[in-house]
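# An overview of the molecular structure
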Amino acid sequence: GENVEQHPSTLSVQEGDSAVIKCTYSDSASNYFPWYKQELGKRPQLIIDIRSNVGEKKDQRIAVTLNKTAKHFSLHITETQPEDSAVYFCATGGGNKLTFGTGTQLKVEL
Amino acid sequence: KAGVTQTPRYLIKTRGQQVTLSCSPISGHRSVSWYQQTPGQGLQFLFEYFSETQRNKGNFPGRFSGRQFSNSRSEMNVSTLELGDSALYLCASSLGSGHANTEAFFGQGTRLTVV
């Protein structure tokens with residue numbers, strides 16, 4: 001089955017800096033790559049997603065890049081703010097089944 | 001538009017008992033997926049239902065089962081509970097048209113504790 005590796009497991013940045021989280025996947029049939037943010041005690045929330053026919057997508061301070069040949073995709077957060085502190089999960093999908101990475105605990109320090 | 005609603009929010013059960021969790025998807029969404037979230041294993045896919053049919057299944061034992069009703073509401077059942085079943089159970093709803101992935105929105109989850 002699909003395997004998704006996510007790095008780093010923890011990431012600490014200063015407010016205003018950029019944060020990058022990387023994921024690699026194994027199933028070349030995967031065609032959907034969402035990113036979720038989960039704050040403590042809350043539900044995972046979709047923050048951005050990308051499909052296999054697109055190489056990059058941006059939404060304000062958040063961007064995702066996809067390299068299908070290398071089977072990896074990345075989340076980029078610019079100008080980080082304290083409210084960006086949370087656990088971020090990458091996932092891959094096909095047929096409404098998502099396989100998640102192990103999560104990255106992002107801490108934005110003042 | 002109401003979001004995904006899961007009930008109950010918290011549940012404490014004894015080993016050997018069974019439990020039923022409920023999920024009401026966003027109006028108009030026909031696909032409901034269930035996930036188990038634990039600190040050790042992360043988010044793991046249990047199964048997905050679309051139009052009352054199980055369309056995908058993860059690698060969980062047969063003690064975990066589910067169903068979907070004609071109004072798209074879904075239930076999952078865990079029988080003969082084990083301590084290791086303690087977890088946050090999340091459901092996600094999506095339009096689910098065809099077999100292409102569409103955006104999935106999660107409920108708040110049901111926190112199950114098995115003692």
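Everything below is about the structure printed above this text.
Before going into details, it helps to say that this report is about the structure given with it. (Residues numbered from 1 in each chain as written. Chains lettered and ligands numbered in written order. Predicted model: local features only at pLDDT ≥ 70, side-chain atom pairs only at ≥ 80, totals over all residues. Heavy atoms only, no water.)

## A word on the interface of chain B and chain A
For clarity, the cut-off: We call two residues contacting when some pair of their heavy atoms lies within 4.5 Å. By convention, the term buried area covers the 1.4 Å-probe accessible surface removed from two parts as they join, with the contributions of both added. A pairing counts as a salt bridge when a side-chain nitrogen of Lys or Arg comes within 4 Å of a carboxyl oxygen of Asp or Glu. Polar contact is defined as a pair of N or O atoms within 3.5 Å, subject to the rule that within protein one atom must be able to donate a hydrogen and the other to accept it, and that residues adjacent in sequence are counted only when both atoms are side-chain atoms.
With 25 residues of chain B at the interface, the matching set in chain A holds 18 residues. Of the roughly 1800 Å² buried where chain B meets chain A, counting both sides, 46% is carbon and sulfur surface. Of all residues in chain B, the largest losses of buried area upon contact with chain A belong to Leu43(B), Asn101(B) and Phe106(B), amounting jointly to 38% of the total for that side. The tally of links from chain B across to chain A stands at 0 salt bridges. Connecting chain B to chain A are 4 residue pairs in polar contact (both at pLDDT 80 or more).

## What about the pattern of salt bridges?
When their charged atoms lie close together, side chains carrying opposite charge are able to pair. What counts is decided by this rule: Summary of the burial criterion: residues with accessible area below 20% of their type's maximum are buried, those above 50% are exposed, and those between are partly exposed, where the area comes from a 1.4 Å probe applied to protein chains only. The helix and strand labels rest on DSSP assignments: H or I over at least four residues marks a helix, E over at least two residues marks a strand, and numbering proceeds from the N terminus.
In this structure the tally under the stated criterion is 7 salt bridges over all chains. Here Lys57(A) makes a salt bridge to Asp49(A), at a shortest N to O gap of 3.0 Å. The exposure class assigned to Lys57(A) is partly exposed, which follows from its relative accessible area of 36%. A salt bridge links Glu82(B) to Arg63(B); the shortest N-O distance between them is 3.6 Å. In this pair, Glu82(B) is assigned in the loop between strand S8 (74–78) and strand S9 (87–94) and Arg63(B) in the loop between strand S6 (53–57) and strand S7 (64–68), connecting sequence segments 19 residues apart. It is possible to trace a salt-bridge network through shared partners that takes in Arg63(B), Glu82(B) and Asp85(B).

## Description of empty space enclosed by the protein
Under the convention used in this document: Of the two site types, the cavity is a set of points on a 1 Å grid over the protein atoms alone where a 1.4 Å probe fits but cannot get out, and the pocket is an open set with protein on both sides within 12 Å along at least five of seven lines, each lined by residues with an atom within 4 Å of a point. Grid points are joined across faces, edges and corners, and a volume is the space filled by probe spheres set on the points.
According to the stated counting rule, one finds 1 cavity of 30 Å³ or more in the structure shown. Reported here for the largest cavity is a volume of approximately 40 Å³. Lining the largest cavity, in full, are Asn96(A), Leu98(A), Ser33(B), Tyr35(B), Ala92(B), Ser93(B), Ser94(B), Asn101(B) and Ala104(B). When residues of the lining of the largest cavity are traced back to their parent elements, those giving at least two are strand S4 (31–38) and S9 of chain B. The leading source of residues in the lining of the largest cavity is S9(B), at 3 residues.

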